[in-house]
Amino acid sequence: MKLLIKSLRCFSTQFLARATNKMSQEFDTISPTIRTLVFFDTETTGLLHREGRNCRIVEMCFVAVLREHLLDQEALFPRVLNKLSLCINPKKKMDSVSSSIHGLTNELLEHMTPLSNDDYVMISAFLNKLPTPICLVAHNGNQFDFPLLRSEMQRLGKQLPDDLLCVDTLPGLRNQLKSFIETREFLCEIERLEQYDNLLNDGNDELLALAAERMETLHNEDLDVSNIRTSGETEEELSGRRHHAERRNKTNGGSLYWRQQANNTTPSKQRGNKIPNFKQDTVYKVLFHETPVSHRAENDVMNLLRIVHCIGEPLLDWMDKHCQEFSNMRLYSVAIHYKSSSYLSRI
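Residues numbered from 1 in each chain as written. Predicted model: local features only at pLDDT ≥ 70, side-chain atom pairs only at ≥ 80, totals over all residues. Heavy atoms only, no water.

Looking at an unreviewed UniProt entry, the protein chain carries the name Three prime repair exonuclease 2, with the source organism given as Cacopsylla melanoneura. UniProt annotates the protein chain under Sequence similarities (unreviewed entry) with the comment "Belongs to the exonuclease superfamily. TREX family." (UniProt positions renumbered as here; feature names shortened; annotations may be inferred.)

Visitor: Mind laying out the pattern of salt bridges, listing which residues take part and the relevant values?
Guide: Taken as a whole, this structure holds seven salt bridges when the rule is applied. The partner of Arg 155 in a salt bridge is Glu 152, with the nearest N and O atoms 2.4 Å apart. Taken together, the positions of Arg 155 and Glu 152, both in helix H6 (residues 145-155) and three residues apart, correspond to about one turn of that helix. Comparing Arg 155 with Glu 152, the two get one shared label, buried. Where Glu 290 meets Arg 306, a salt bridge forms, and the shortest distance between an N and an O atom there is 3.2 Å. Here Glu 290, found in the loop between helix H12 (280-288) and helix H13 (297-311), pairs with Arg 306, found in helix H13; they are 16 residues apart in sequence, far enough to count as distant. (Salt bridge = Lys/Arg side-chain N within 4 Å of Asp/Glu carboxyl O. Helix = DSSP H or I, 4+ residues; strand = E, 2+ residues; numbered from the N terminus. Buried < 20%, exposed > 50% of the residue type's maximum accessible area, 1.4 Å probe, protein only.)

Visitor: I'd like a rundown of the packing of aromatic side chains, residues and numbers included.
Guide: Applying the stated criterion across every chain, the model contains four aromatic pairs. Among the aromatic residues, ring-to-ring pairing joins Phe 40, Phe 62 and Phe 126 into one connected group. Over the face of the ring belonging to Phe 288 we find Arg 306, whose NZ or CZ atom lies 3.8 Å from the ring centre. (Phe/Tyr/Trp six-rings, centres within 6.5 Å; stacked < 30°, edge-to-face > 60°. Lys NZ or Arg CZ within 6 Å of the ring centre and 35° of its normal.)

Visitor: So what's going on with the environment of Asp 300? Residues and values would help.
Guide: Relative to the helices and strands, Asp 300 resides in helix H13. By relative accessible area, Asp 300 is classed as buried at 9%. When the C-alpha positions of Asp 300 and Thr 42 are compared, they lie 8.9 Å apart, and in sequence the two are 258 residues distant. Beyond its immediate stretch of four places on either side in the chain, Asp 300 contacts Asp 41, Glu 43, Gln 280, Ser 294 and His 295. (Contact = heavy atoms within 4.5 Å.)

Visitor: Would you mind going over the nonpolar core in detail, with residue names and values included?
Guide: A general feature of soluble globular proteins is that nonpolar side chains tend to end up buried together. Ranked by internal contacts, the top residues of the largest apolar core, which has 35 residues, are Leu 37, Phe 39, Leu 287 and Met 319. The set of elements that each furnish at least two residues to this core consists of strand E1 (36-44), strand E2 (57-66), strand E4 (134-138), strand E5 (165-168), helix H7 (169-200), H12, H13 and helix H14 (313-322). Contact partners of Leu 37, with chain neighbours within four places excluded, come to Val 63, Ala 64, Val 65, Arg 67, Leu 70, Cys 135, Val 137, Leu 316 and Met 319. In terms of nonpolar packing, the next biggest core, distinct from the first, is built from 30 residues, Ala 64, Leu 127, Leu 136 and Ala 138 among them. (Core = buried A, V, L, I, M, F, W, Y, C linked by side-chain atoms within 4.5 Å.)

Visitor: Residue-level account of the sheet that holds E4, with values.
Guide: The strand order across the open sheet formed by six strands is E3-E2-E1-E4-E5-E6, and the pairing between neighbours is mixed. For this open sheet the edge positions go to strand E3 (82-87) and strand E6 (324-325), each flanked by a neighbour on one side alone. Each of E1, E2, E3 and E4 touches helix H5 (residues 117-128); the most contacted strand, E3, lies at about 165° to it. The strands that H14 touches are E1, E4, E5 and E6; relative to E5, the one it contacts most, it runs at about 125°. (Pairing = 2+ DSSP bridges. Axes fitted to C-alpha atoms, helices over the stretch in contact; angles between N-to-C directions.)

Visitor: Could you give an account of unusual backbone geometry, with specific residues and numbers?
Guide: Thr 132 connects to Pro 133 through a cis peptide bond whose omega is -5°. Relative to the elements of secondary structure, Pro 133 occurs in the loop between H5 and E4. Despite not being glycine, Lys 91 shows a phi value in the positive range, around 60°. Locating Lys 91 in the fold gives a position in the loop between E3 and helix H4 (96-102). Owing to a relative accessible area of 63%, Lys 91 belongs among the exposed residues under this scheme.

Visitor: Tell me about the packing of H12 against H13, and name the residues and values.
Guide: At a minimum axis separation of 10 Å, H12 and H13 run at an interaxial angle of 45°. Judged by the angle between their axes, H12 and H13 are oblique. Like other packed secondary-structure pairs, H12 and H13 cross with a definite hand, here left-handed. Along the contact surface, H12 presents Gln 280, Val 283, Tyr 284, Leu 287 and Phe 288, while H13 presents Asp 300, Asn 303, Leu 304, Arg 306, Ile 307, Cys 310 and Ile 311. Partitioning the contact of H12 with H13 into residue classes produces eight nonpolar, two polar and two charged. (Parallel < 35°, antiparallel > 145°, perpendicular 65-115°, else oblique. Left-handed = near helix turned anticlockwise from the far one by under 90°. Nonpolar A, V, L, I, M, F, W, Y, C, P; charged D, E, K, R; others polar.)

Visitor: I'd like to hear about the environment of Val 167, residue by residue, with values.
Guide: Tracing the sequence through the fold places Val 167 in strand E5. Val 167 sits in the buried class, given a relative accessible area of 1%. Separated by 21 residues in the primary sequence, Val 167 and Phe 146 have C-alpha atoms spaced 9.0 Å apart. Residues within four places of Val 167 in sequence aside, it is in contact with Cys 135, Leu 136, Val 137, Ala 138, Phe 146, Trp 318, Met 319, His 322 and Cys 323.

Visitor: Go over the confidence of the model for the protein chain, please, and point to the residues and values.
Guide: Chain-level pLDDT for the protein chain is 77 on average; 63% of the residues reach the 70-or-more range. In this model, residues 19-29 is a region of pLDDT below 50 whose contacts with residues beyond four sequence positions or in other chains number eight contacts. This model gives residues 334-347 a pLDDT under 50, and the stretch forms 22 contacts once residues within four places in sequence are excluded. (pLDDT = per-residue confidence, 0-100.)

Visitor: Which residues make up the pairing of E2, and what values do they have?
Guide: Burial of E2 is extensive: 10 of the 10 residues sit out of reach of the surface. Bridging between E2 and E3 involves six bridges; their strand directions are antiparallel. Across the sheet, the residue bridging to Ala 64 is Asn 82, located in E3.

Structural data, given as structure tokens:
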């Protein structure tokens, strides 16, 4: 058993090393290495499919963490975080469905100020105090949060720093999550084998080995009980039951054991590796086996930070490769005000 565990650990080390080398070859040398990750989320006046480009930000949150702190797997959660959270009066009626989701209403935001130059100054000052390169990180950010933030800044006639980067974790998790879960399950299996090894070292190794061998033999025999005649069963009844069993096996592709072997997996593993979708809440449940408190900007930001911290270096390497300049994000339709005049810019 100890030899088996040692071999598995050696294999896992080689496997992870090959995966890391392959990954490093995929990322070209000109890709930036993100130093500060600013996790970002917004709550808005309406849902994307209902209001689309007419959405206005009513809450936004920025949480910044250094790359090295995020990669520290010894810590349960990064200790050093910089935060900026703002609630904003949108000066427009909020969609009732959206309000029911995030809990913000026009009444609650009545005494908040609209988005203004003061907010821009705060956001810029917050970003400027962080080590560069800086990258905004949001889930589904390319489709919603990043264009919305840039449009709101454009409405003020402002723009965030030219060297600011951004990256969307949605395609990143689609790319990395499955392999991460498979690797984690493999390492957990090794730990379980080590626990079994400790239990076996109790002087009964030979007896348990014989029992295990017998169980494996029974498991692999794929027993057929269709030919066993029960008490009180006639020959005709036995023949009918045998015929029914043959038809069932033909329809189902054989016994459960052999169908599992043909699929090279087990039902439990199929369930474990299946990811229903890559929504942030779903990914959180898959990784941590608990339902997150969501639809508040700061909560969503902290949940995403925890997801990235859990997966670690593979996902951050992917971000280095796929981040882009925030200034290149498309704009939603916004009204840009210049003193007494305004016009609608559609891009």
